[in-house]
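Listed here are the chains, written in short residue letters.
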Amino acid sequence: MKHRNPQKLLLWMTFIMSLVFAVWQVLLNNFVIEKAQFTGVEIGILQSLREVPGFLAFTAIFVLLLLREQTFALVSLAVLSIGVAVTGFFPQVLGLYITTVLMSVGFHYFETINQSLTLQWVDKKDTAGFLGKALAWRSAAALSGYASIWLVMSWLQLDYVYMYGLIGCLGLIMVLVVTLYFPKFEVGEAQHKKIILRKRYWLYYLLTFFSGARRQIFMVFAGFMMVEKFGYSVSEITSLFLINYVVNLLFAPAIGRFIGRIGERRALTIEYLGLIIIFVSYAWVQQPEVAAALYVIDHLLFAMAIAIKTYFQKIADGKDIASTMSVSFTINHIAAVVIPVLLGLLWLYSPQAVFYIGAGFAVCSLILARNIPSDPSPGNEVKWSWSRKNVQLTEPRQ
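Each value, and the rule that gives it
Residues numbered from 1 in each chain as written. Predicted model: local features only at pLDDT ≥ 70, side-chain atom pairs only at ≥ 80, totals over all residues. Heavy atoms only, no water. UniProt positions renumbered as here; feature names shortened; annotations may be inferred. Phe/Tyr/Trp six-rings, centres within 6.5 Å; stacked < 30°, edge-to-face > 60°. Helix = DSSP H or I, 4+ residues; strand = E, 2+ residues; numbered from the N terminus. Buried < 20%, exposed > 50% of the residue type's maximum accessible area, 1.4 Å probe, protein only. pLDDT = per-residue confidence, 0-100. Contact = heavy atoms within 4.5 Å. Expected span 1.5 Å × (residues − 1). Bend = angle between axes of the 7 residues up to and from the residue. Polar contact = N/O pair within 3.5 Å; in protein donor to acceptor, adjacent residues only side chain to side chain. Salt bridge = Lys/Arg side-chain N within 4 Å of Asp/Glu carboxyl O. Domains from an automatic or database assignment. Buried area = accessible area lost by both parts, 1.4 Å probe. Nonpolar A, V, L, I, M, F, W, Y, C, P; charged D, E, K, R; others polar.

- Looking at an unreviewed UniProt entry, one finds the protein named Major facilitator family transporter and attributed to Shewanella violacea.
- A UniProt comment under Subcellular location (unreviewed entry) is attached to the protein, and it reads "Cell membrane".

## So, the packing of aromatic side chains
1) Next: This structure, assessed with the given rule, holds 22 aromatic pairs.
2) Next: Aromatic side chains F15 and W137 sit 6.4 Å apart centroid to centroid with 85° between the ring planes, which places their arrangement in the edge-to-face category. Here W137 lies in helix α6 (residues 124-155) and F15 lies in helix α1 (residues 6-36), a separation of 122 residues in the sequence.
3) Next: Judged by centre distance (5.8 Å) and plane angle (80°), the ring pair of W121 and F185 falls under edge-to-face. Residue W121 is found in helix α5 (residues 93-121), and its partner F185 is found in the loop between α7 (160-181) and α8 (202-228); the two are separated by 64 residues along the sequence.
4) Next: With a relative accessible area of 10%, W121 lands in the buried category.

## Things to note about the confidence of the model for the protein
1) Next: The predicted model of the protein averages 84 in pLDDT, with 93% of residues at 70 or higher.
2) Next: At the low end of the mean pLDDT range in the protein sits strand β2 (residues 391-393), at 43; at the high end sits helix α4 (residues 69-85), at 94.
3) Next: Every residue in residues 387-398 is under pLDDT 50, and counting partners more than four places away or in other chains gives 24 contacts.

## Some thoughts on α1
1) Next: Taking 1.5 Å as the rise per residue, α1 with 31 residues should run 45 Å; its terminal C-alpha atoms sit 42 Å apart, in good agreement.
2) Next: The largest bend in α1 is about 50°, located at L28.
3) Next: In terms of burial, α1 is largely enclosed, as 25 of its 31 residues are buried.
4) Next: Sitting at the amino-terminal end of α1 is N5, which places a side-chain oxygen 3.2 Å from the backbone nitrogen of Q7.

## Section: the pattern of salt bridges
1) Next: Under the counting rule described, the total for this entry stands at 4 salt bridges.
2) Next: The salt bridge involving R200 is made with E381; its shortest N-O contact spans 2.8 Å. Here R200, found in the loop between α7 and α8, pairs with E381, found in the loop between α14 (351-369) and β1 (384-386); they are 181 residues apart in sequence, far enough to count as distant.
3) Next: Residue classification places R200 among the partly exposed positions, given a relative accessible area of 27%.
4) Next: Judged by relative accessible area, E381 falls into the buried class, the value being 10%.
5) Next: Residue R214 pairs with E271 through a salt bridge whose shortest N-O separation is 3.6 Å. Residue R214 is located in helix α8, and its partner E271 is located in helix α10 (residues 264-284); the two are separated by 57 residues in the primary sequence. Here the two residues R214 and E271 agree in accessibility, since each one is buried.

## Looking at the domain arrangement of the protein
1) Next: Domain annotation for the protein reports domain 1 (6-181) and domain 2 (199-371).
2) Next: A separation of 19 Å is found between the C-alpha centroids of domain 1 and domain 2.
3) Next: Facing 54 residues of domain 1, the contacting portion of domain 2 comprises 48 residues.
4) Next: Across the interface of domain 1 and domain 2, roughly 4300 Å² is buried in total on both sides, 73% from carbon and sulfur atoms.
5) Next: Per-residue buried area on domain 1 facing domain 2 is highest for Q115, L119 and Y146; these three make up 13% of the total on that side.
6) Next: Across the contact surface, domain 1 and domain 2 share 3 residue pairs in polar contact (both at pLDDT 80 or more).
7) Next: Residue assignment for the side of domain 1 that touches domain 2 shows that the elements contributing at least two residues are α1, α2 (40-55), α3 (60-63), α5 and α6.
8) Next: A total of 16 residues in the side of domain 1 that touches domain 2 trace back to one element, the largest contributor, which is α6.
9) Next: Of the residues contributing to the side of domain 1 that touches domain 2, the split by class is 27 nonpolar, 18 polar and 9 charged.

See below:
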């Protein structure tokens with residue numbers, strides 16, 4: 001049946017993940033400040049703990065010795081939903097740390113396997129467009145989650161514990177339905193069941209590392225600034241996220257197609273130039289409306305990161321995909337485990353410095369992105385490569 005194909009399964013799993021995670025994320029800053037009296041130090045520790053399962057994502061390849069990738073993805077979604085469902089019952093520092101780690105285990109394992117299945121199930125020429133469509137599904141799911149926040153917390157006047165519990169249980173029910181509805185699909189090539197690091201993927205590894213470092217500053221400190229510096233309420237933060245996801249819903253599919261037309265190097269150049277400007281602006285912004293506008297533009301620019309995935313798909317050996325996705329998630333989270341704690345401490349003395357560091361990460365990413373060839377493929381992974389004696393140009397100048 002055309003409605004029971006692998007692409008539809010990917011989209012529905014993405015919808016469930018985004019629905020549940022979006023509610024957890026949008027309520028987090030207000031929940032921890034109101035219920036647990038968090039400061040920048042505690043939120044930094046919590047976010048670092050949240051990234052530990054991402055750092056350990058390479059262990060997914062060992063789980064695949066026991067479970068099929070499709071089954072593993074669905075089990076991970078169930079764990080994510082359970083973690084979110086119980087969050088409201090533990091409004092203390094230690095309780096929040098534990099429930100966050102549980103939620104994060106499901107989230108990061110799912111994201112790892114979801115990326116692997118996407119690159120295996122979707123044809124290379126269609127990947128950028130499909131990833132744009134998947135972003136639109138994420139946005140639609142998040143909008144549904146925000147509507148549920150308004151219904152439960154604003155209209156029904158119920159507390160956080162009910163919101164977290166309801167959305168987590170809904171996620172579990174949807175996982176069960178999807179499991180029963182879709183058949184088991186086969187992957188194209190048998191995947192390596194061991195950790196693989198290849199020298200020719202070095203540029204992808206570095207782009208992934210800086211992407212993770214930079215994204216932490218956006219996720220942890222840009223949102224925290226909205227609440228701490230500008231006093232945004234739950235409804236105002238929710239409205240800001242609503243705007244973000246409406247913009248993504250409208251423009252993400254077009255961004256995917258745009259990347260397919262202009263290529264990965266140009267797409268990432270646009271993203272990183274924009275992020276440099278955004279992070280420097282965060283450091284100086286004084287008006288809450290301007291800060292909100294920067295936040296929306298920042299969120300939209302991250303859609304361009306699709307190009308990192310399509311770049312890897314073009315240069316990869318098909319059998320390396322599952323293993324490399326596991327390893328890349330660990331690389332993405334090396335900085336993510338450390339940065340929130342260190343920058344959380346720095347935040348107490350200079351919030352501006354935190355955002356200047358983000359701009360520095362974006363500059364590093366820009367330099368790396370310029371090394372992507374115009375037509376990446378196995379054997380043509382970079383424009384410039386280092387030999388033992390000198391630098392070699394692997395693609396003609398353009």
